[in-house]
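Architecture and fold: a report
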Amino acid sequence: MKQKKINPLLTAALLAGMLLVPVPAALSGARAERGSSAGPAKLRFMPLWSPQAQFAGYYMAAKQGFYKKRGLDVEILAGGPQAPAEKTLRTGGCDITLLWLSSALKMRDSGFQLVNVGQIVRKSALLLVAKKSSGVKTPADLNGKKVSIWPDFDTQPKAFFAHEKIRPKIITQSHSVNLFLTGAVTAACAMTYNEYHTILNSGFNAGELVSFAPADYGINFPEDGLYMTRTSYEKNPEAACSFAKASVEGWLYAFEHPREAVAETIEYMHKARLPANEAHQTWMLNAFKTALLPDGRPDNAGLLDEKDYTFTAQELKRAGIIKTFPDYKSFYKNCK
């Protein structure tokens, strides 16, 4: 009989206690983790956007039965511009969703009570990209130059500019990088897992580009996190944490089985009638590994670092985007 290859990432996480090990139901908490006698706990999960490898971990958690074995019946909803995650959570259209930390803090500041039950993207994937031919070598070279940034996510790049004591000419960036490609701006925002690869596919090679990652300069705004309303969380915290743990397990599995994860992602894309590019989805999945495991430690997957939380909240407050922010332990529910 052929033996199954042991997954080193899963093994490390199991040893660290992040992932659940099947235990006798008589042990405390086991019943809730596995669902109740009434059946599995139903959860509707809304991804942050349309199907792509940004969500491969959740697809694999569903396919491999990681949710089911923890007593969950998870429905992955169709995300995208027609179903914004924030609005869907506000209106009760889902039980749990993905939001960037900055977006979640703004919702909380507006009075909407939500909690974080798992921080999936722990290191920001945001880049500021310029062409070497522009003469840009350091962040200081962007001073006075046209730099395009996304208006809904401008706090982090502005914090980076302040950190580097530079004042670029801010240009509004749309969903494309056309302004950068046509030379209308010196630098543009790009996510390592998405727009940066688009730029490379447009004919540039990495050696022709220079990029600055604000996170590498200490300006780290954690991105995709798992959020639910405080009311939903308090009704069944075990189900919430089971979802977070199973999702982390799904991500670790996806990183160990990239071809399978990309194939499953493309299945979701086809169901949504979206064009699918295997090379781009593979790039995205690989880039996400760095974002999820910036320290290379699977046992830290899913954790919201208190320093990153406080720094992000303070920067939003300093910029006048939020007036106040909750205590870390009130906002973040550590499911380990």
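What you see is a predicted model; the values in this text were computed from it and never measured.

**Describing the pattern of salt bridges**
- What the rule picks out here adds up to 13 salt bridges.
- With a shortest N-O distance of 3.1 Å, Lys69 and Glu249 are connected by a salt bridge. One end of the pair, Lys69, is in the loop between helix 3 (56-63) and strand 2 (72-76); the other, Glu249, is in helix 10 (residues 237-256), with 180 residues separating them in the sequence.
- Given a relative accessible area of 7%, Glu249 falls into the buried group.

**Digging into the packing of helix 10 against helix 12 (residues 278-292)**
- Contact geometry for helix 10 and helix 12: axes closest at 10 Å, N-to-C directions at 130°. Regarding the angle of helix 10 to helix 12, the classification is oblique. Seen along the crossing, helix 10 lies across helix 12 with a hand that is left-handed. From helix 10, Trp251, Ala254 and Phe255 reach across to helix 12, where they touch Leu285, Phe288, Lys289 and Leu292.

**Focus on the environment of Glu234**
- Structurally, the position occupied by Glu234 is in helix 9 (residues 230-235).
- Classification of Glu234 as exposed rests on a relative accessible area of 52%.
- Sequence separation of Glu234 and Val115 is 119 residues, and the distance between their C-alpha atoms is 10.0 Å.

**Concerning the sheet that holds strand 1 (residues 41-46)**
- Pairing is mixed in the open sheet, where five strands are placed in the order 2-1-3-10-4. Each edge of the open sheet carries a strand with a single partner, namely strand 2 and strand 4 (114-119). Strand-to-strand, the axes of this sheet are offset by a mean angle of 30°, without reference to chain direction.
- In the sheet, strand 1 pairs with strand 2 via five bridges, with the strands oriented parallel. Residue pairing for strand 2: Arg44 is matched across the bridge by Glu75.
- Against the sheet, helix 3 engages strand 1, strand 2, strand 3 (96-99) and strand 10 (225-229), with an angle of about 135° to strand 2.

**Structural notes on helix 5 (residues 101-109)**
- Most of helix 5 sits inside the fold, with seven of its nine residues counted as buried.
- Of the residues making up helix 5, those classed as buried are Leu101, Ser102, Ser103, Ala104, Leu105, Met107 and Arg108.
- Positive phi shows up at Gly111, right after helix 5, with a value of about 105°.

**Considerations on the layout of surface pockets**
- Of the voids in this model, the largest pocket is the one considered here, and its volume is about 1300 Å³.
- Residue lining of the largest pocket: 38 residues in total, with Leu48, Trp49, Gln52, His175 and Glu195 positioned closest to the centre.
- Every element with two or more residues in the lining of the largest pocket is listed here: helix 4 (85-90), helix 5, helix 8 (195-201) and helix 12.
- Partitioned by chemical class, the residues of the lining of the largest pocket number 20 nonpolar, 14 polar and four charged.

**Some remarks on the packing of aromatic side chains**
- Counted under the stated rule, the structure contains 20 aromatic pairs.
- Consider the rings of Trp251 and Phe288, whose centres lie 5.5 Å apart with planes at 10°: the pair is stacked. Pair noted here: Trp251 is in helix 10 and Phe288 is in helix 12, with a separation of 37 residues, a long-range link. Judged on exposure class, the residue Trp251 and its partner Phe288 are both buried.
- Pairwise contacts between aromatic rings join Phe45, Tyr58, Tyr67, Tyr193, Phe243, Trp251, Phe255 and Phe288 into one cluster.
- Across the ring face of Phe180, the terminal group of Lys131 is positioned such that the distance to the ring centre comes to 4.9 Å.
- It is Lys271 that lies over the ring of Tyr268; its NZ or CZ is 5.4 Å from the centre.

Quick notes on the rules
- Residues numbered from 1 in each chain as written.
- Predicted model: local features only at pLDDT ≥ 70, side-chain atom pairs only at ≥ 80, totals over all residues.
- Heavy atoms only, no water.
- Salt bridge = Lys/Arg side-chain N within 4 Å of Asp/Glu carboxyl O.
- Helix = DSSP H or I, 4+ residues; strand = E, 2+ residues; numbered from the N terminus.
- Buried < 20%, exposed > 50% of the residue type's maximum accessible area, 1.4 Å probe, protein only.
- Axes fitted to C-alpha atoms, helices over the stretch in contact; angles between N-to-C directions.
- Parallel < 35°, antiparallel > 145°, perpendicular 65-115°, else oblique.
- Left-handed = near helix turned anticlockwise from the far one by under 90°.
- Contact = heavy atoms within 4.5 Å.
- Pairing = 2+ DSSP bridges.
- 1 Å grid on protein atoms, 1.4 Å probe; cavity = no way out; pocket = protein on both sides within 12 Å on 5 of 7 lines; lining within 4 Å.
- Points joined across faces, edges and corners; volume = space filled by probe spheres on them.
- Nonpolar A, V, L, I, M, F, W, Y, C, P; charged D, E, K, R; others polar.
- Phe/Tyr/Trp six-rings, centres within 6.5 Å; stacked < 30°, edge-to-face > 60°.
- Lys NZ or Arg CZ within 6 Å of the ring centre and 35° of its normal.

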